[in-house]
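Notes for the structure review
For reference, the chains in residue letters:
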Amino acid sequence: MIPEGNALQQYLNTLYRDYAALDEGEVASYIPELTKADPAWFGIALVTVDGHVYQSGDTRQAFTIQSISKAITYGLALDDSGIPSVLGKVDVEPSGEAFNEISLEPGTGRPRNPMINAGAIATVALIAGDTADEKLARMLKTYERYLGRQVTIDEEVYRSEKSTGHRNRAIAYLLRNSNIIEKDTDEILDVYFKQCSILVDCRDLALMGATLANDGVNPITSVRALTSPLVPKVLSVMNSCGMYDYSGAWVYEVGMPAKSGVGGGVMAVLPGQFGLAVFSPKLDVRGNSVRGIAACKKISSDFGLHVLQTGRMTTTSVIHVRYNAAQIPSKRSRAAIQTRALSTLGERVVVFELAGDLVFSSAEIIVSEAMGAMDTADFLILDFRRAPRIAQGAVCLLVALIQSLGQGGKTVLLTGIADKFDVAREIRRRVTAVELEPLLGCEDVDHALEWCEDRLLADHAATISTEVPLAHQAFCEGFSPEELAGLEVIMERRDYAPGAAVCREGEVAESIFFILRGQVSVNIPLEHRRAGRISMLSAGSAFGEMALFDQGVRTADIIADGPVTCLELDFARLEADSSPLHARIRYQLVRNIARGLSRKLRQLTGEVRLLRR
Ligand code: GLN
């Protein structure tokens, strides 16, 4: 029988069972109300940046957040007052001293860091709001974003702490004395005592950690709790100072930014991966949860989770697949001679389908691989559909790649970034002297391939400048020489200047056009006199065929993109002759057209399926 829960859930259950037996430490007693905690309480929770929640033990037992609140308040103060003002009042150096140490910089009176009481009390003063109530309201709102629910304060713990917090009061007066706190200390202390008395449970802490791990966005509600550039600032002080005078050893052994509180909670963050929380009220002499430390150490060593233990990117992990347009051409159906030309020309279009989150090092791999591949190619298509996130460092390198290939006369096309607005905006802002169409204009690889192929064929046609004869037209497949000749005599040859309309939407449709030379755009007129191009047809293909079946009107404008030569076949002339030869011509033509239409329909069905996924 397969045990319940997935592998990670089972792992946490086992961890819970093993460490429940660890019965060392004491429940905090300096705040009288905290002695009421049950020493047996024990919970472990892990929330991933995808929002998966794993939990074992007493993960829904409420307790007071205590010092873990310092990390959240610090982020809020940075947001409200700005990094320079906050640094002016509170330093970021580990103190190596106990959490309630009066650790102030000689001369300035600046607390060593925001994770000890002195720094945390000073940080409260940096939250926006004129009154204690306003500051508290901002704080509670912030918790709502981190936790996706409203939080309350444990009144008993708050009163208990307020009536016994003389040491914190002394610290606040010293801060007032050196002007680190510029206003009434009582109000600041009141907010501080309340922030420490906010009720959370173990799952909440893991979710808070996951929010920090997820660049400041709550992975369950998708609400942003902290602006992106401030996330590493908060994690830095957690990393260097979050576990009081055990911080150095914690980083060494566990290697995840973390924060503990005397209520028994420990919140750890593995950036980009998950938030982890342990709750167990029995503390060691430094005020850290005994089981909390032990369980985190075990998880970290079992899975090799130390933040400085980095994996290595390889070409295969970044470039999911690579190919050229000769190996995988676009889905567009083309005349036989174009298909033949593309079977070698296609090698000049290189496609990298990328996978995974792109960071500096993975982008570096793309850049160096691309530079190598582009020696013998003209077009590079980079597909980001499977790359959900593109970090700033990766964007910088990609911009440099686009620029240098552009200078070498090569064209880069980026696909699959339609939903990555920030990245597209950044590229648009930083790329210069490169045309943004096609760089950002193709929605998927197939469109980009088609665009590159059209370019290659156009250049190719310009160099050979021969016509695609009737025999090689898509709709003449399978025609005998006699049938071809019979068809040609009833067709009219027509030349169009660049920009000329071959036909207009709404005109009565009485003929079909075969393109011998050049290419045309199929445009549907949109509002405000804009034209929407729905496709492009090149020599060897035909248009107007639908009217053969429905005798309707033209459904789009057909515009010559350059000099164009067509053969026009009037339906009336096709019907006029009742000889067996003409019967065969009609049959072959209708069969080829039907084949073309069914191919188009299949492709559309495929696209609709992709779009609805
Ligand atoms: N409220 C507690 C105090 O100031 C917070 C300390 C802690 O959790 N380490 O003493």
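Located above this text is the structure these notes cover.
Below or above, wherever it landed, is the structure these notes cover. Bear in mind the structure is a predicted one, so any value in this text is a computation, not a measurement. Every residue gets a number counted from 1 within its own chain, in the order that chain's sequence is written. For this predicted model, a pLDDT threshold of at least 70 governs which residues receive local features, and a threshold of 80 or more governs which side-chain atom pairs are given and counted, while totals over whole chains, interfaces and linings are taken from all residues. Where side-chain values are given, they derive from all heavy atoms of the structure, hydrogens and water being excluded.

1. Re the overall build of the protein
Heads up, the condition is: Secondary structure elements are taken from DSSP: a helix is a run of H or I of four residues or more, a strand is a run of E of two residues or more, and numbering for both begins at the N terminus. For the radius of gyration, the atom set is restricted to C-alpha positions; the globular benchmark scales as 2.2 Å times the number of residues to the power 0.38. Here's how the labels work: a residue is buried when its accessible area is under 20% of the maximum for its type, exposed when over 50%, partly exposed in between, all with a 1.4 Å probe on protein chains only. Contacts: residue pairs with any heavy atoms within 4.5 Å of one another. Residue exposure ignores everything except the shown protein chains as possible cover, and the areas themselves are Shrake-Rupley values with a 1.4 Å probe. Charged residues are defined here as Lys and Arg on the positive side and Asp and Glu on the negative side; His and the ends of the chain fall outside this count. Note on charges: their place is set at NZ of Lys, CZ of Arg, CG of Asp or CD of Glu.
Counting its secondary structure elements, the protein contains 23 helices and 21 strands. Against the compact-globule benchmark of 25 Å for 613 residues, the protein has a radius of gyration of 35 Å, which places it well outside the compact range. Taking the principal axes of the C-alpha coordinates as reference, the protein spans close to 110 × 60 × 45 Å. For the protein, buried positions account for 50% of its 613 residues. Counting contacts in the protein only where the partners sit at least 6 residues apart, residues at least 24 apart contribute 73% of the total. In the form shown here, the protein has an accessible surface area of approximately 28,400 Å², with 53% of it arising from carbon and sulfur atoms. Measuring between centres, the 64 positive side-chain charges of the protein sit 1 Å from its 76 negative side-chain charges.

2. Examining the site of the ligand
Applied cut-off: What makes a residue near a molecule or strand is one non-hydrogen atom of that residue sitting within 4 Å of it. Within 3.5 Å is the distance limit for a polar contact, defined as a pair of N or O atoms, with the added protein rule that one can donate a hydrogen and the other accept it, and that residues adjacent in sequence qualify only through two side-chain atoms. Computed over the protein atoms alone on a 1 Å grid, cavities are sets of points where a 1.4 Å probe fits but cannot get out and pockets are open sets with protein on both sides within 12 Å along at least five of seven lines; a residue lines them when it has an atom within 4 Å of a point. Assignment to a cavity or pocket requires that more than half of a molecule's atoms be within 2 Å of the site's grid points.
Lining the immediate environment of the ligand, one finds Tyr30, Gln66, Ser67, Phe99, Asn117, Glu161, Asn168, Tyr192, Cys196, Tyr244, Gly261 and Val262. Glutamine 66 has a polar side-chain atom sitting 2.6 Å from a nitrogen atom of the ligand. Note that an oxygen atom of the ligand is positioned 2.7 Å from one of the side-chain N or O atoms of tyrosine 192. Considering the ligand on its own, with 300 Å² of exposed area, one finds that the protein chains cover 99% of that surface. The cavity where the ligand resides is the largest cavity.

3. A short note on empty space enclosed by the protein
Basically, it comes down to this: Grid points are joined across faces, edges and corners, and a volume is the space filled by probe spheres set on the points.
Under the counting rule described, the total for this entry stands at one cavity of 30 Å³ or more. Tyr30, Ile31, Gln66, Ser67, Phe99, Asn117, Glu161, Tyr192, Cys196 and Val262 together form the lining of the largest cavity.

4. Comments concerning the sheet that holds strand S8 (residues 274-279)
Stated formally: A strand pair is defined by DSSP finding two or more bridges across the two strands. With axes taken as lines fitted to C-alpha atoms, and helix axes fitted only over the stretch in contact, angles between N-to-C directions fall between 0 and 180 degrees.
Judged by pairing direction, the sheet is antiparallel, and its five strands sit side by side in the order S3-S2-S8-S7-S6 without closing on themselves. This sheet does not close on itself; its edge strands, each paired only once, are strand S3 (53-57) and strand S6 (258-260). Ignoring strand direction, the axes of neighbouring strands in this sheet form an average angle of 10 degrees. Bridge analysis of S6 against strand S7 (residues 265-270) gives three bridges, and the strand direction is antiparallel. Looking at S7, one finds that serine 260 is bridged to valine 266. Sheet strands in contact with helix H12 (residues 290-303) are S7 and S8, and its direction is about 145 degrees off that of S8.

5. With respect to the packing of aromatic side chains
Going by this rule: Centres within 6.5 Å are what make two rings of Phe, Tyr or Trp a pair, Trp counting through its six-membered ring; a difference in plane orientation under 30 degrees is then read as stacked, over 60 as edge-to-face, and the rest as tilted.
Under the definition given, this model contains ten aromatic pairs. Ring centres of phenylalanine 99 and tyrosine 244 lie 5.2 Å apart, and the angle between their planes is 50 degrees; on these two criteria the pair is classed as tilted. Linking phenylalanine 99 in the loop between helix H3 (83-89) and helix H4 (117-124) with tyrosine 244 in the loop between helix H10 (231-241) and helix H11 (247-253), this pair joins segments that are 145 residues apart in sequence. Look at phenylalanine 99 and you get buried, because its relative accessible area is 10%. A ring pair is formed by phenylalanine 379 and tryptophan 451, whose centres lie 6.2 Å apart and whose planes are at 80 degrees; its orientation type is edge-to-face. Remark: tryptophan 451 occurs in helix H19 (residues 445-464) and phenylalanine 379 occurs in strand S12 (residues 379-386); sequence separation between them is 72 residues. Accessibility classification places phenylalanine 379 together with tryptophan 451 in one group, the buried group.

6. As for unusual backbone geometry
In the segment running from glutamate 437 into proline 438, the intervening peptide bond is cis, with an omega of 10 degrees. Mapped onto the elements, proline 438 comes out in helix H18 (residues 436-439). A positive phi is found at aspartate 215, a non-glycine position, where the angle reads about 65 degrees. Following the sequence through the fold, aspartate 215 ends up in the loop between helix H9 (202-213) and H10. The class of aspartate 215 is partly exposed, set by a relative accessible area of 27%.

7. Details of the sheet that holds strand S19 (residues 542-543)
In space, the four strands of this open sheet follow the order S14-S21-S16-S19, with antiparallel pairing throughout. Looking at strand neighbours, the two that pair on one side only are strand S14 (491-496) and S19, the edges of this open sheet. Note that strand S16 (residues 511-517) and strand S21 (residues 564-570) share six bridges and pair antiparallel. Along S21, the bridge assignment pairs arginine 517 with threonine 565.

8. Focus on the layout of surface pockets
So the rule is basically this: Under the scheme applied here, ten amino acids are nonpolar (Ala, Val, Leu, Ile, Met, Phe, Trp, Tyr, Cys and Pro), four are charged (Asp, Glu, Lys and Arg), and all others, including Gly, are polar.
Of the pockets and cavities examined, the second largest pocket occupies roughly 1,700 Å³. Along its surface, the second largest pocket is lined by 47 residues, and Gly272, Asp357, Val359, Arg389 and Ala391 are the ones closest to its centre. At the level of secondary structure, the elements contributing two or more residues to the lining of the second largest pocket comprise H9, H10, helix H16 (392-407) and helix H17 (421-430). Top contributing element to the lining of the second largest pocket by residue count: H17, with six residues. Among the residues forming the lining of the second largest pocket, the class breakdown is 24 nonpolar, eleven polar and twelve charged.

9. Thoughts on the nonpolar core
Where we set the bar: Only buried residues count toward a nonpolar core, which is a set of Ala, Val, Leu, Ile, Met, Phe, Trp, Tyr and Cys residues joined through side-chain atoms within 4.5 Å.
Grouped together as the largest cluster of nonpolar side chains are 66 residues, with contacts concentrated most on Ile121, Tyr143, Leu205, Met208, Leu212 and Met238. The leading source of residues in this core is H9, at eight residues. The contact partners of isoleucine 121, leaving out residues within four places of it in the chain, are Asn168, Ile171, Ala172, Leu175, Ile181, Ile188, Leu189 and Tyr192. In this structure, Ile319, Ala377, Ala394 and Leu414 belong to the second largest nonpolar core, which totals 35 residues.

10. Concerning the packing of helix H6 (residues 155-164) against helix H8 (residues 185-196)
Selection rule: Convention used here: angles under 35 degrees read as roughly parallel, angles over 145 as roughly antiparallel, angles from 65 to 115 as roughly perpendicular, and any remaining angle as oblique. The sense of a crossing depends on the near helix, which, turned anticlockwise from the far helix by less than a right angle, makes the crossing left-handed and, turned clockwise, makes it right-handed.
Taken N-terminus to C-terminus, the directions of H6 and H8 make an angle of 135 degrees; their axes are 9 Å apart at the nearest point. Classified by the angle their axes make, H6 and H8 are oblique. Between H6 and H8 the crossing geometry is right-handed. Along the contact surface, H6 presents Tyr158, Glu161 and Lys162, while H8 presents Asp190, Tyr192, Phe193, Lys194 and Cys196. Here the contact of H6 with H8 is composed, by residue class, of four nonpolar, no polar and four charged.

11. Here's the deal with the pairing of S16
A large share of S16 lies buried, amounting to six of its seven residues. Alignment of S16 against S19, held across two bridges, turns out to be antiparallel. What sits directly across from phenylalanine 513, in S19, is phenylalanine 543.

12. Description of H17
Every α-helix winds through 3.6 residues per turn, so residues three or four apart in the chain are directed the same way. Put simply, the test is: Directions pointing from the helix axis toward each C-beta atom define the arc.
Listing the buried residues of H17 in full gives Val423, Ala424 and Ile427. What you see down the axis of H17 is that its buried residues fit within an arc of 100 degrees, all on one side. The outward face of H17, more than 90 degrees from its buried face, is lined by the exposed residues Phe421, Asp422, Arg425 and Arg429. Buried positions along H17 lie against H16, strand S13 (411-415) and H18.

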